[in-house]
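Listed below are the residues making up each chain.
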Amino acid sequence: MSELASGSSAPKIGVITFPGTLDDQDAARAVKYAGAEAVSLWHADADLRGVDAVIVPGGFSYGDYLRCGAIARFAPVMGPVIEAAGKGMPILGICNGFQILCEAGLLPGALVRNHELHFVCRDQWLKVENTSTAWSTRYDKGAEILIPLKSGEGGYVAEPNTLAELEGEGRVVFRYVGDNPNGSLNNIAGITDARGRVVGLMPHPEHAIDALTGPSDDGLGMFFSAIDALVKA
Amino acid sequence: MTANNAVNTDTVKHAESTPELAQPYRELGLKDDEYQRIREILGRRPTDAELAMYSVMWSEHCSYKSSKVHLSYFGKTTTEQMRSKMLAGIGENAGVVDIGDGWAVTFKVESHNHPSYVEPYQGAATGVGGIVRDIMAMGARPLAVMDSLRFGPADAPDTRRVLPGVVAGVGGYGNCLGLPNIGGEVVFDSTYLGNPLVNALCVGAMRVEDLHLAHASGTGNKIILFGARTGLDGIGGVSVLASDTFSGDETTAGRKKLPSVQVGDPFTEKVLIECCLELFREGIVVGIQDLGGAGLSCATSELASAGDGGMHVNLDRVPLRAKGMTPAEILSSESQERMCAVVKPSDVDAFMKVCAKWDVTATEIGEVTDTGRLVITWHDEVVVDVPPRTVAHEGPVYNRPVQRPVEQDSLQQPIDLARPSTSDLRDLVLRMVGSHNLSSRNWVTDQYDRYVRGGTVLSQPADSGMIRIDEESGRGVALSVDCNGRYCKLDPYTGAQLALAEAYRNVAVSGATPVAVTNCLNFGSPEDPGVMWQFEQAVRGLADGCVELGIPVTGGNVSFYNQTGTTAILPTPVVGVLGVIDDVRRRIPTGIGAEAGETLLLLGN
Amino acid sequence: MARVVVDVMPKPEILDPQGQAVAKALPRLGFQGVTEVRQGKRFELEVDDSVDDETLTKIAADLLANTVIEDFTVRRIDA
Amino acid sequence: MARVVVDVMPKPEILDPQGQAVAKALPRLGFQGVTEVRQGKRFELEVDDSVDDETLTKIAADLLANTVIEDFTVRRIDA
Ligand SMILES: Nc1ncnc2c1ncn2[C@@H]1O[C@H](COP(=O)(O)OP(=O)(O)O)[C@@H](O)[C@H]1O
């Protein structure tokens, strides 16, 4: 049996709920599909309840008022998340979660309004560029996966230096294939931190775990990858 | 300021001592005889606050005064057999049906046509917000929305103002609430140019035992207002009271120009949903009522009227967003994202705790009494003292003149249509493919989240939307909303049946069994006998069709006065059909030719 | 060339959910004493000298602001 | 009581899709001569006199603006 921080046999993956979070149940479902235990984390509790990894799910935390993620990043639960990230805990930010991780400084850059200025919901092909992060080892490099994208502020921007650094270090994890859906620089759909433990992406892998309710089950790979990373650790 | 208000307030005592005071009831939309009836009911003239309440509750929108006599036909034609799965029907916030395995599903369509013309984004957004609160009030978790839209010609300049705003509003609100949009309609026709239709549907589910019908029972139970603060939203009509009564007072007179635009706050509503569901789960509410079109007037009078006693409300307690609001304004405000609950005194602390957890403002504003009267006080003075049923349920009922329009015959004239030749067909097909009414709806549906909640198994481009209700068993429901206004114009009776049949078929072909019907009847002015004829015919057609199919109408909504000048919109009875499927894995997706060798069959003749 | 600033704010009586969200967040972040927040938009335009004030007002009223629910002001800034 | 205005604008080198959309729409609506548009936010705050400038700057930098992509200015207005 592996040595998990949680001390249990299956890894425990926490899913945070902020006021206005929408895809928390879906992220928890994906975690369970992949074989891990989902633990719900409440925004107002500065407590990670012994989890081995954390997902910051999608939605409209605090209505996305002011800026997406701007208010949520100050929530009490984010203190221990930032601390755990520093120690290398796998963290995944999906859509609004990605925006929150950027606002919190765990990932560089920011997400701005889609170039066509409206919300876009569509099944989006992504190319997997980096297969060594905690959330992407189950994919083949260069593989194309079909994942729903649904966001109004998904355009990734960063200063030229930051962008060059990300590209230079191979920290772009996923890239949009075909038409750029939101004006993202370099077609960036998802990035990682320098250690490859924190990943943020705009598309929703938790909506692609079953061909019944999604366009594919291509998203499961991210959750499997994290479980692999935890069990090996 | 406060003292000043108290002096100026039109109390019951003041009304008794000034019986002859002229009141602006006509400006508030009341007819002479309606005003007289109010005086008879009360045995005196109404106060400003009472007048505000009656006028809004006796409006067409709230009282169904022109449609009631016709809508009763639905009840008359619904057999016991059809009723067998119905847990709540017409008259409740939304219809409820038993779908098996202990699940109850509630669904309803509602119009928000006029507000969406004035301010497309906010009008459509608050339309979605309103229908979702209706579903919440039943004790259900809202699960999905649909939207049925009508616009003027796609290339008309005003359509370019209205359509993008409406679509962004439906999406903006629904996406932020976390409700998948699983279907709808977009139709263009010149009659909708000055009067677009925005009909929103919401469906929700609960365990059968969790069904909550809103009523204020149990003397001593507390009335709690929770959610957003009350502001000067949507009370344009009522501001004539302020200005007429206090002419000379500049602050109130200035309000006449208020735009009656309500701004939606989907975030507050999302939190309100979670808060309500937790309140229901904890079993600490007797009943919940949403604050819809007529705000507190509606919520308090309906709760009291459906209960077994009376109610006392202290208006001073209502948390306000604007300064210097009068009782009439507070009662008529249409501020969004508010709910009213009836709570046992022993549960009030627990109730407040749940609200605090979700950061929802909650205020005890009154209690259930045994007086049989709805009494509302302001600064310790009585400003409303009425029998609640007379406000909520015993409004005027009209038997409006009904007259088949003379031009109906010419519409029915058979015209000799030449059989098209092969070359005509090519042109015809090209014209159809290029028409806005048949174009792709992706520009619209791409702005709606169809994935959230992870239970959507069919959505665009399928014929019906389908969601999973029970994750274990796979039990789910399918829904379709349909209407062809041109058919209804030609023959409203058959047209309504065609709408029903289309929605029924759309549900059936997805693999679900149709079980219940809701509707949103969009028509012109009820004061036009021709329109009333269309309305009567459509209701009869729909009801008779339902009997034929053996499924009941569980609820609906009527929207009259949809017209530009004297030109009415096409009669548009939008019909929604709900179906049940045991296991959504057995759904039938739309599309042919997925596999080579498939056989194509044409059914029917 | 002139620089023009157009400020667009929600009308006072209209609900401003965004401003409200900010106002509610501030005390949680440890900032006391801010009693009200309203959030609007600010546009900065570069315009040719040929564009007159009337045109600027029209641009603001027709495009930049939604005058059903928003007020606006237009001002020229010295470059 | 003081009234404070915080203006938040996208940094010059950062993509501003909203401003760009306005700039593109203007000629279509018949307005010529606007060569650039940038769209940002304007916040109007009512603050107690106890709130000092340093605190205001912190509120702007920490919450109202995302300094990775936005610049801000804070100014007090006479009430
Ligand atoms: N306003 C809308 N909101 C959501 N879905 C819509 C809307 N309009 C159309 N749709 C969806 O787009 C698809 C195509 O619509 P439509 O062209 O009207 O189909 P059909 O002609 O087969 O009824 C359907 O799945 C329908 O539910």
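Below, the structure is looked at part by part. Bear in mind the structure is a predicted one, so any value in this text is a computation, not a measurement.

Conventions adopted
- Residues numbered from 1 in each chain as written.
- Chains lettered and ligands numbered in written order.
- Predicted model: local features only at pLDDT ≥ 70, side-chain atom pairs only at ≥ 80, totals over all residues.
- Heavy atoms only, no water.
- Pairing = 2+ DSSP bridges.
- Helix = DSSP H or I, 4+ residues; strand = E, 2+ residues; numbered from the N terminus.
- Least-squares fit on C-alpha atoms with pLDDT ≥ 70 in both.
- Contact = heavy atoms within 4.5 Å.
- Buried area = accessible area lost by both parts, 1.4 Å probe.
- Salt bridge = Lys/Arg side-chain N within 4 Å of Asp/Glu carboxyl O.
- Polar contact = N/O pair within 3.5 Å; in protein donor to acceptor, adjacent residues only side chain to side chain.
- Buried < 20%, exposed > 50% of the residue type's maximum accessible area, 1.4 Å probe, protein only.
- Arc of directions from axis to C-beta.
- Phe/Tyr/Trp six-rings, centres within 6.5 Å; stacked < 30°, edge-to-face > 60°.
- Lys NZ or Arg CZ within 6 Å of the ring centre and 35° of its normal.

**Observations regarding the pairing of strand β2 (residues 37-42) of chain A**
Strand residues, when the strand is regular, have side chains that alternate between the two faces of the sheet.
Move 1: Across six bridges, strand β1 (residues 12-17) of chain A lies against β2 of chain A in parallel orientation. Bridged to Val-15 of chain A within β2 of chain A is Ser-40 of chain A.

**Quick word on the relation of the copies chain D and chain C**
Move 1: Between chain D and chain C, the superposition needs a rotation of 180° and an axial shift of 0.0 Å, giving an RMSD of 0.2 Å. Interpreted geometrically, this transformation is the action of a two-fold axis. Across chain D, the rotation axis passes nearest the C-alpha of Lys-41 of chain D, at a separation of 2.1 Å.

**Structural notes on the arrangement of the chains**
Move 1: Among five pairs of chains with at least one contact, chains C and D form the most extensive contact set.
Move 2: One thing to see here is that chain B and chain D don't touch, and their nearest C-alpha atoms sit 12 Å from each other.

**Things to note about the interface of chain A and chain C**
Move 1: Residue-level contacts link five residues of chain A with eight residues of chain C.
Move 2: Between chain A and chain C, a total of about 580 Å² is buried, with carbon and sulfur atoms accounting for 74% of that surface.
Move 3: Summed over the three residues of chain A that lose the most area to chain C, namely Tyr-65, Leu-66 and Ile-71 of chain A, the buried surface amounts to 72% of that side.
Move 4: The interface formed by chain A and chain C includes zero salt bridges.
Move 5: In this assembly, chain A and chain C are joined by one residue pair in polar contact (both at pLDDT 80 or more).

**Re the interface of chain D and chain C**
Move 1: Listed per partner, the contact involves 33 residues of chain D and 32 residues of chain C.
Move 2: Interface of chain D and chain C: buried area, both sides summed, is about 2700 Å²; carbon and sulfur atoms make up 68% of it.
Move 3: Summed over the shared surface of chain D and chain C, the number is two salt bridges.
Move 4: Of the charged contacts in the structure, one is a salt bridge between Asp-7 of chain C and Arg-42 of chain D, with a shortest N-O distance of 2.9 Å.
Move 5: Applying the counting criterion to the chain D and chain C interface returns 12 residue pairs in polar contact (both at pLDDT 80 or more).
Move 6: Those elements that place two or more of their residues in the side of chain D that touches chain C are β1 (2-10), α1 (17-28), β2 (34-47) and α2 (53-64) of chain D.
Move 7: Direction of pairing for strand β2 (residues 34-47) of chain C relative to β2 of chain D: antiparallel, over a ladder of 13 bridges. When the sheet's bridge partners are listed, Val-34 of chain C is paired in β2 of chain D with Val-47 of chain D.

**Some points on helix α16 (residues 348-357) of chain B**
Residue and element names in this part refer to chain B.
Move 1: All of the buried residues in α16 are Val-348, Phe-351, Val-354 and Cys-355. Along the long axis of α16, the arc covered by the buried residues comes to 125°, so they all point the same way. Among the exposed residues of α16, those pointing more than 90 degrees away from its buried face are Asp-349, Lys-353 and Ala-356.
Move 2: As for α16, its buried residues are in contact with β7 (222-227), α13 (266-282), β10 (338-343) and β11 (362-369).
Move 3: Looking one or two places after α16, you find Asp-359, whose phi comes out positive at around 60°.

**Re the packing of aromatic side chains**
Move 1: Here the structure, examined in full by the defined rule, presents 11 aromatic pairs over all chains.
Move 2: With 5.0 Å between their ring centres and 80° between their planes, Trp-42 of chain A and Trp-358 of chain B make a pair best called edge-to-face. Residue Trp-42 of chain A is located in strand β2, and its partner Trp-358 of chain B is located in the loop between α16 and β11; the two belong to separate chains.
Move 3: Given the relative accessible area of 12%, Trp-358 of chain B is considered buried.
Move 4: Here Tyr-25 of chain B and Tyr-35 of chain B contribute two aromatic rings whose centre-to-centre distance is 4.1 Å and whose plane-to-plane angle is 5°, an arrangement assigned as stacked. Here Tyr-25 of chain B, found in the loop between α2 (12-17) and α3 (32-42), pairs with Tyr-35 of chain B, found in helix α3; they are 10 residues apart in sequence, far enough to count as distant. Across the pair, Tyr-35 of chain B and Tyr-25 of chain B agree in class, each one buried.
Move 5: Of note, Lys-357 of chain B hangs over the ring of Trp-42 of chain A, and the distance from its end group to the ring centre comes to 5.0 Å.

**Regarding the pairing of strand β9 (residues 172-176) of chain A**
Residue and element names in this part refer to chain A.
Move 1: Most of β9 is tucked away, with five of its five residues classed as buried.
Move 2: For strand β6 (residues 120-128) and β9, the ladder comprises three bridges, and the chain directions are antiparallel. Pairing of Lys-127 across the sheet is with Arg-175, part of β9.
Move 3: Examined bridge by bridge, β9 and strand β10 (residues 188-192) share three bridges and lie antiparallel to one another. Bridging from a neighbouring strand, Phe-174 pairs with Gly-190 of β10.

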